[in-house]
Amino acid sequence: MVEGAAENTVEGLSHLTFVVRDLDRMERILVAVLGARKVFDSGDATFSLSRERFYLAGGVWIAAMEGEPLPSRTYNHVAFKIAEADYERCRARIAALGLDFREGRARVAGEGRSIYFHDHDNHLFELHTGTLAERLARYAQGR
């Protein structure tokens, strides 16, 4: 443990926020790919920095706020867990939206499969079939 670090300070994930140029376009991605459900729309009101919408996807609160997109793409990303049985269906939904995607990166066998895709504002998403426990067990075996 790092000296001075507090134990158990974080209780869990609160929410994810994505700044996007077009709230409707982001909503199509969140609903079609992640199965998100919209729970709030600020309309023309501004409660925070800009117009915003809130969604729930797999119990995760996702906020989409209107603003300028990221200037470029990076490997910084958010990964959502999916079942192996849903892999092809998710891939087809991403393709149907015309999003730029690729399947996985070079992996060692046994750590799950991934689909990576960028939204229109340079955010990178990953849909992953594995778990941390599976990955750690596989890495413990070495290359």
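The structure presented is a predicted model; accordingly, all values stated were derived computationally and were not measured.

(A) Looking closely at the overall build of the protein. On a plain count of helices and strands, the protein comes out with three helices and eight strands. For the protein, the succession of helices and strands along the chain, N to C, is β-α-β-β-β-β-α-β-β-β-α. The principal-axis extent of the C-alpha atoms belonging to the protein is close to 55 × 45 × 30 Å. Out of the 143 residues in the protein, the part that is buried amounts to 36%. Long-range pairs, those at least 24 residues apart, make up 55% of the contacts in the protein with a sequence separation of at least 6.

(B) A look at the pattern of salt bridges. Following the criterion strictly, the structure yields 12 salt bridges and no others. Two residues, E27 and R53, come together in a salt bridge whose shortest N-O distance is 2.9 Å. A residue pair is termed long-range when its members are at least 10 positions apart, and E27 in helix α1 (residues 23–34) and R53 in strand β3 (residues 52–57) qualify at 26 residues. D41 serves as the salt-bridge partner of R53, at 3.1 Å between the closest nitrogen and oxygen. With R53 in strand β3 and D41 in strand β2 (residues 37–41), the pair connects residues that are 12 residues apart, well separated along the chain. The exposure class of D41 is partly exposed, given its relative accessible area of 34%.

(C) Highlighting the layout of surface pockets. Roughly 260 Å³ of internal volume is contained in the largest pocket. Residue lining of the largest pocket: 17 residues in total, with L34, G58, F80, K81 and I82 positioned closest to the centre. Mapped onto the lining of the largest pocket, the elements with two or more residues apiece are α1, β5 (77–81) and α2 (87–96). Looking at which element gives the most residues to the lining of the largest pocket, the answer is β5, with four residues. When grouped by side-chain class, the residues that make up the lining of the largest pocket number 11 nonpolar, two polar and four charged.

(D) Spatial organisation of the side chain of N122. Secondary-structure assignment places N122 in the loop between β7 (114–118) and β8 (124–128). A polar side-chain atom of N122 sits 3.4 Å from a polar atom in the side chain of R73. Contact partners of N122, with chain neighbours within four places excluded, come to L70, P71, S72 and R73.

(E) Structural context of the nonpolar core. Ranked by size, the top nonpolar core spans 26 residues in total, and within it F18, L34, I62, F80, F117 and L127 carry the most contacts. At the level of secondary structure, the elements contributing two or more residues to this core comprise β1 (15–20), α1, β3, β4 (60–66), β5, α2, β7 and β8. Per element, the largest residue contribution to this core is six residues, and it comes from α1. Not counting residues up to four positions away in its chain, the partners in contact with L127 are V33, L34, F80, I82, C90, I94, R113, S114, I115 and F117.

(F) Spatial organisation of a nonpolar patch on the surface. On the surface, a cluster of nonpolar side chains totalling about 230 Å² of accessible area is made up of V39, L56 and W61. Looking at the secondary structure, you find W61 in strand β4. Judged by its relative accessible area of 32%, W61 falls in the partly exposed class.

Cut-offs used in this document
- Residues numbered from 1 in each chain as written.
- Predicted model: local features only at pLDDT ≥ 70, side-chain atom pairs only at ≥ 80, totals over all residues.
- Heavy atoms only, no water.
- Helix = DSSP H or I, 4+ residues; strand = E, 2+ residues; numbered from the N terminus.
- Buried < 20%, exposed > 50% of the residue type's maximum accessible area, 1.4 Å probe, protein only.
- Contact = heavy atoms within 4.5 Å.
- Salt bridge = Lys/Arg side-chain N within 4 Å of Asp/Glu carboxyl O.
- 1 Å grid on protein atoms, 1.4 Å probe; cavity = no way out; pocket = protein on both sides within 12 Å on 5 of 7 lines; lining within 4 Å.
- Points joined across faces, edges and corners; volume = space filled by probe spheres on them.
- Nonpolar A, V, L, I, M, F, W, Y, C, P; charged D, E, K, R; others polar.
- Polar contact = N/O pair within 3.5 Å; in protein donor to acceptor, adjacent residues only side chain to side chain.
- Core = buried A, V, L, I, M, F, W, Y, C linked by side-chain atoms within 4.5 Å.
- Patch = residues over 30% accessible without salt bridge, like charges linked within 9 Å, V, L, I, M, F, W, Y side chains within 5 Å.
- Areas by Shrake-Rupley, 256 points an atom, 1.4 Å probe, with all protein chains shown as cover.

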